[in-house]
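Here is how the chains run, residue by residue.
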Amino acid sequence: ESDFTRIALSFYSGLFAYNGWNYLNFVIEELQDPVKNLPKAIAISIILVTVVYVLTNIAFYTTLSVPEVLGSEAVAVTFAERLYGPFAFLIPVFVAMSTFGGVNGILLTSSRLFYAGACEGQMPEILSMIQVSKMTPAPAVIVVALLSLGYLCSSDIFALINYVGFATWISIGLAVLCLPWLRWKHPEWNRPLKVNLIFPILYIIATIFITIVPMIAKPKETGIGVVIILTGVPVYFLFVAWRNKPVFIRKFLGGVTVCLQKLFVVVTPPKKAV
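Residues numbered from 1 in each chain as written. Predicted model: local features only at pLDDT ≥ 70, side-chain atom pairs only at ≥ 80, totals over all residues. Heavy atoms only, no water.

(A) Structural view of the overall build of the protein chain. In terms of regular secondary structure, the protein chain is built from 12 helices and 2 strands. For the protein chain, the succession of helices and strands along the chain, N to C, is α-α-α-α-α-α-β-α-α-α-α-α-α-β. A total of 274 residues make up the protein chain; the buried ones form 25% of that total. Residue pairs in contact within the protein chain that sit at least 24 positions apart in sequence constitute 62% of those at least 6 positions apart. (Helix = DSSP H or I, 4+ residues; strand = E, 2+ residues; numbered from the N terminus. Buried < 20%, exposed > 50% of the residue type's maximum accessible area, 1.4 Å probe, protein only. Contact = heavy atoms within 4.5 Å.)

(B) Region of the structure containing helix 7 (residues 138-151). For helix 7, built from 14 residues, the straight-helix expectation of 20 Å at 1.5 Å per residue is met to within 8% by its first-to-last C-alpha distance of 20 Å. As for helix 7, its buried residues are in contact with helix 6 (90-119), strand 1 (130-131), helix 12 (247-264) and strand 2 (266-267). (Expected span 1.5 Å × (residues − 1).)

(C) Molecular detail of the packing of helix 8 (residues 157-185) against helix 9 (residues 198-217). Here helix 8 crosses helix 9 at 150°, and the two axes come no closer than 9 Å. Here helix 8 lies roughly antiparallel to helix 9, going by the angle between them. At the point where helix 8 passes helix 9, the crossing takes the left-handed sense. Contacts between helix 8 and helix 9 pair Phe166, Trp169, Ile170, Ile172, Gly173, Val176, Leu177, Leu179 and Pro180 from the former with Pro200, Tyr203, Ile204, Thr207, Ile210, Thr211 and Met215 from the latter. Broken down by class, the residue content of the contact of helix 8 with helix 9 amounts to 13 nonpolar, 3 polar and no charged. (Axes fitted to C-alpha atoms, helices over the stretch in contact; angles between N-to-C directions. Parallel < 35°, antiparallel > 145°, perpendicular 65-115°, else oblique. Left-handed = near helix turned anticlockwise from the far one by under 90°. Nonpolar A, V, L, I, M, F, W, Y, C, P; charged D, E, K, R; others polar.)

(D) Region of the structure containing the nonpolar core. Phe114, Tyr115, Ala118, Ile126, Leu127, Met129, Ile130, Ala138, Ala140, Val144 and Val266 together form the largest nonpolar core, which totals 11 residues. Going through the elements one at a time, helix 6 and helix 7 are the ones with two or more residues in this core. Non-local contacts of Tyr115, meaning those with residues more than four positions away in its chain, are made with Glu29, Leu127, Ser128, Ile130, Pro137, Ala140 and Pro269. Residues Leu9, Tyr12, Val176 and Ile204 belong to the second largest nonpolar core, which totals 9 residues. (Core = buried A, V, L, I, M, F, W, Y, C linked by side-chain atoms within 4.5 Å.)

(E) Spotlight on helix 9. The end-to-end C-alpha separation of helix 9 is 29 Å, in line with the 28 Å expected for 20 residues at 1.5 Å each. Taken together, the buried positions of helix 9 are occupied by Pro200, Ile204, Thr207, Ile210, Thr211, Val213 and Pro214.

(F) Structural view of the packing of aromatic side chains. The full count for this structure, using the stated rule, is 6 aromatic pairs. Both rings, one in Tyr23 and one in Phe26, keep their centres 5.6 Å apart while their planes meet at 85°; by these two values the pair is edge-to-face. Relative accessible area serves as the criterion here: at 22%, Phe26 is assigned to the partly exposed category. Ring plane angle 40° and centroid distance 6.1 Å describe the contact between Trp169 and Tyr203, whose orientation is recorded as tilted. With Trp169 in helix 8 and Tyr203 in helix 9, this residue pair connects regions lying 34 residues apart in the sequence. Over the ring of Trp184 we find Lys185, and its NZ or CZ is 5.2 Å from the ring centre. (Phe/Tyr/Trp six-rings, centres within 6.5 Å; stacked < 30°, edge-to-face > 60°. Lys NZ or Arg CZ within 6 Å of the ring centre and 35° of its normal.)

(G) Quick peek at a nonpolar patch on the surface. Together, Leu83, Tyr84, Phe87, Phe89, Leu90, Val93, Phe94 and Met97 line one region of the surface with nonpolar side chains, adding up to about 810 Å² of accessible area. Broken down by element, the nonpolar patch gets its largest block of residues, 4 residues, from helix 6. Relative to the helices and strands, Phe94 is located in helix 6. With relative accessibility at 49%, the residue Phe94 sits in the partly exposed group. (Patch = residues over 30% accessible without salt bridge, like charges linked within 9 Å, V, L, I, M, F, W, Y side chains within 5 Å. Areas by Shrake-Rupley, 256 points an atom, 1.4 Å probe, with all protein chains shown as cover. Salt bridge = Lys/Arg side-chain N within 4 Å of Asp/Glu carboxyl O.)

Here it is in structure tokens:
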């Protein structure tokens, strides 16, 4: 492929498959000894997934010809039909099981992102509450599930990956940009996890490539990604930044919060001792 813009867009599909390492950071509060276990978990998972993916692709390309790979809508199914015969149905079953496992992991981790933001006062208060018997952030989990259903309105999986991929990587890139900035502005801060600055710098350069180039190649899809990010702006200003709300709005929002608390049986978690 000689068109580098299409190469940049293809990164979204590849990075989507490997993005699980990023979700581990969302549940750091629930890890035991995260300073030690978080880097270990990320390293083990990335190596394991990379080895499995590489071996899978080697199996595909040594069994199928290039025209078969390019002409197949599901390479794994074509591969299974060639090697497994009547047992080829196992591949779609395993793919479905893998999908359910992925959805479970994303719901577990992404909901913690909403929960943590609400605990810091950056999202509606209801998202900071936990279910009284299960001790899970039920409102945050439900919001993530509803957003996921909304994404299913798009029938084009590659367009959807491009929408979310652009929004995800521009957000991650801006977050990583804070690392060298804070290292420069606040060198005195304690850093239990400290990495060489060359890694975030390389990461930022790569993020610029996979966000700026697709904006040129697919302005419509990347524009939708920007809109996805901007949908959080009115929510933030209405529920968080707007402090001097009229009394009737405060009463209405308070009533909605109490109603949702009763519906989901959730309460505000106790504050941790400092």
